[in-house]
Amino acid sequence: MAAVAGVSMKTVSNVVRGYRHVSPSTRAKVQQAIDHLGYVPHSGARRLATGRTGMVAFALPAIEAPYFAEMAALMSTEVDGFDYRLLIEQTASGVEEERAVLRGREQGLIDGLVFQPTLLSAPDIETLRGTTPLVLLGEIPPPATVDHVMVDNLAAARTATMHLLQSGRTRVAFLGRNHDVGHVTATLRLEGYRAAVDEFGGVRSDDLLIPMTQFGAFAAEAAVTDALKAGARFDGLICFDDLSAIGAMKALSLSGRAVPDDVAVVGWDDILMTQFTSPALTTIRPDKATLVQTAFSFLRDRMGGERGEGRHALVGFDLVVRGSTAT
């Protein structure tokens, strides 16, 4: 191919790898040769030549969930900026699927892995992880040797609940009390909610904890509908995520309760559609861009040979106040 293009093998390699510092005319000549010869890069050959494939994996619980779709898009842009390509894996929050990610089913295809587990414990992760560089996202406590990036869910839940209580709401409910005690994220958000209720004088009652055995808008609508039919009384609602809040708002509307006049609603994640609900949804906005940038920075260090104890980073969040809590 180098001979066809009239350039060196190194120049061909730079073009194939997407290296930016190649002149447009040279890139065009190499691309013409690639098209003419029908060349397709081979990750195995690249690994033999350089010790790397140029691929990293991002393992997420649910690609169809808007939050994780946004995270995947951000990660794709981030890795592309460093001439990597991204492989997306979905675990569907299944324990066997999460174990498979760590057992290295992509062994030999990727140089590193960013992974958000929901069910595995730190001992599970330590036992199952292979030699591929690894960075964890989310609330699962990491092994001491693994880098970890997360949002302070407890503090964020406290902030959201405090917002409702300080605006005059007294009976604030929490939607998302999951019966599965292994769901660390739900547990932390519930703890933050309870801390604010205790600190700012809200009502603490079991009927204000609305359970969801599954997550999502449909499950939230059903859960809130059932709670209202059972006689639950609340003037504020903290939801596990934005999709849950959207489902809850529909249930409230169908029951004749106005948002925010009768019930103020707060979501979580600040997905794009929160700006288009009616009213627009107040929500916790995690700093998704910094989360992705920090995770990939840690991963690049590990892929570059960094050793030592795992690093832990907390990224920030904001409460975005919109019409669903306006007074």
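Each remark here, short or long, concerns the structure printed above.
Since we're looking at a predicted model, the values are computed, not measured. (Residues numbered from 1 in each chain as written. Predicted model: local features only at pLDDT ≥ 70, side-chain atom pairs only at ≥ 80, totals over all residues. Heavy atoms only, no water.)

1. Focus: the pairing of strand β6 (residues 172-177)
β6 sits mainly inside the fold: 5 of its 6 residues count as buried. Relative to strand β8 (residues 236-239), β6 is paired through 4 bridges, and the arrangement is parallel. What sits directly across from Phe174, in β8, is Ile238. Alignment of β6 against strand β7 (residues 209-211), held across 3 bridges, turns out to be parallel. (Buried < 20%, exposed > 50% of the residue type's maximum accessible area, 1.4 Å probe, protein only. Helix = DSSP H or I, 4+ residues; strand = E, 2+ residues; numbered from the N terminus. Pairing = 2+ DSSP bridges.)

2. Digging into the sheet that holds strand β1 (residues 55-60)
The 6 strands are arranged β2-β1-β3-β4-β5-β11 in an open sheet whose pairing can be described as parallel. Every other strand in the sheet has two partners, leaving β2 (85-90) and β11 (312-315) as the edge strands with one partner each. Averaged over all pairs of adjacent strands, the angle between their axes in this sheet comes to 20°, without regard to strand direction. The pairing of β1 with β2 spans 6 bridges and is parallel. (Axes fitted to C-alpha atoms, helices over the stretch in contact; angles between N-to-C directions.)

3. Some words on the sheet that holds strand β12 (residues 317-320)
Taken in spatial order, the 6 strands of this open sheet run β7-β6-β8-β9-β10-β12, and their pairing is mixed. A single partner strand is all that each edge strand has here, and the edge strands are β7 and β12. Within the sheet, the average angular offset between the axes of one strand and its neighbour, ignoring direction, is 20°. Those strands touched by helix α10 (residues 217-229) are β6, β7 and β8, and its axis lies near 130° from that of β7. (Contact = heavy atoms within 4.5 Å.)

4. What about the pattern of salt bridges?
Tallied over the full model, the rule gives 13 salt bridges. Among the salt bridges present, the one from Asp147 reaches Arg311, with a minimum N-O distance of 2.8 Å. Residue Asp147 is located in strand β5 (residues 147-151), and its partner Arg311 is located in the loop between α12 (288-303) and β11; the two are separated by 164 residues in the primary sequence. Asp147 sits in the buried class, given a relative accessible area of 0%. Of the charged contacts in the structure, one is a salt bridge between Glu221 and Lys250, with a shortest N-O distance of 3.9 Å. Of this pair, Glu221 sits in helix α10 while Lys250 sits in helix α11 (residues 242-254), and the two are 29 residues apart along the sequence. Among the residues examined, Glu221 registers a relative accessible area of 17% and is labelled buried. (Salt bridge = Lys/Arg side-chain N within 4 Å of Asp/Glu carboxyl O.)

5. Regarding the packing of aromatic side chains
Overall, the coordinates contain 5 aromatic pairs when judged by the stated rule. With centroids separated by 5.4 Å and ring planes inclined at 40°, the aromatic side chains of Phe174 and Tyr193 adopt a geometry described as tilted. With Phe174 in strand β6 and Tyr193 in helix α9 (residues 184-200), the pair connects residues that are 19 residues apart, well separated along the chain. The burial state of Phe174 is the same as that of Tyr193; both residues are buried. Site record: aromatic cluster; members linked through ring pairs are Phe82, Tyr84 and Phe296. In this arrangement the basic side chain of Arg189 is found over the ring face of Phe240, its NZ or CZ atom lying 4.8 Å from the centre. (Phe/Tyr/Trp six-rings, centres within 6.5 Å; stacked < 30°, edge-to-face > 60°. Lys NZ or Arg CZ within 6 Å of the ring centre and 35° of its normal.)

6. Points about the layout of surface pockets
Empty space within the largest pocket amounts to approximately 890 Å³. Lining the largest pocket we find 40 residues, and of these Phe68, His183, Phe215, Phe240 and Asp241 sit closest to its centre. Within the residue set of the lining of the largest pocket, elements represented by two or more residues are α5 (66-80), β5, α9 and α11. Counted by class, the lining of the largest pocket contains 22 nonpolar, 11 polar and 7 charged residues. (1 Å grid on protein atoms, 1.4 Å probe; cavity = no way out; pocket = protein on both sides within 12 Å on 5 of 7 lines; lining within 4 Å. Points joined across faces, edges and corners; volume = space filled by probe spheres on them. Nonpolar A, V, L, I, M, F, W, Y, C, P; charged D, E, K, R; others polar.)

Purely spatial values, then, with no claim about function.
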